[in-house]
Amino acid sequence: MTSPYLNLAGGYSYCPLRVGLVLRNPQGREVYFQPGDQESAFRRTLAAFAECEDLTPAQLDYLTDVALGEYFA
């Protein structure tokens, strides 16, 4: 069975749900985003990552950890 989680850089992954979405960090901790402002902001962050084509994988890993790590602080 395949995982419903979609991989991001830096070991993060996310799972879009019918209502909201879940973000998982490299340690396996998860954060749920409710529909509305939180989810919209996270989806804008994902769109911004998609535009980072000129970064090396290491730079993208670092940027992802900086941007998403605060959700688990």
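Predicted model only: the values in this text are computed from it and were never measured.

About the thresholds
Residues numbered from 1 in each chain as written. Predicted model: local features only at pLDDT ≥ 70, side-chain atom pairs only at ≥ 80, totals over all residues. Heavy atoms only, no water. Core = buried A, V, L, I, M, F, W, Y, C linked by side-chain atoms within 4.5 Å. Buried < 20%, exposed > 50% of the residue type's maximum accessible area, 1.4 Å probe, protein only. Helix = DSSP H or I, 4+ residues; strand = E, 2+ residues; numbered from the N terminus. Contact = heavy atoms within 4.5 Å. Pairing = 2+ DSSP bridges.

A. Structural detail: the nonpolar core. The biggest cluster of nonpolar side chains holds twelve residues, and these are L8, Y12, Y14, L21, L23, V31, F33, F42, L46, F49, L68 and F72. Mapped onto this core, the elements with two or more residues apiece are β3 (21–24), β4 (30–33) and α1 (37–50). Tallying contributions element by element places α1 first for this core, with three residues. With residues up to four places along the chain from it excluded, the contact list for L68 reads L8, Y12, L23, F42, T45 and F49.

B. Fine view of the pairing of β3. Relative to β3, strand β2 (residues 13–16) runs antiparallel, the two sharing four bridges. The residue of β3 that forms the bridge with P16 is L21. Linkage of β2 to β3, two consecutive antiparallel strands, is achieved through a turn of four residues, within which G20 is found at a positive phi near 90°. Strand direction decides the pairing type here: β3 and β4, joined by four bridges, are antiparallel. Bridge assignment links V22 to a residue of β4, and that residue is Y32. Turn length for the β3-β4 hairpin, with the two strands adjacent in sequence and antiparallel, is five residues, and the turn residue G28 shows positive phi of about 95°.

Everything listed is a geometric property; what it means functionally is a separate question.
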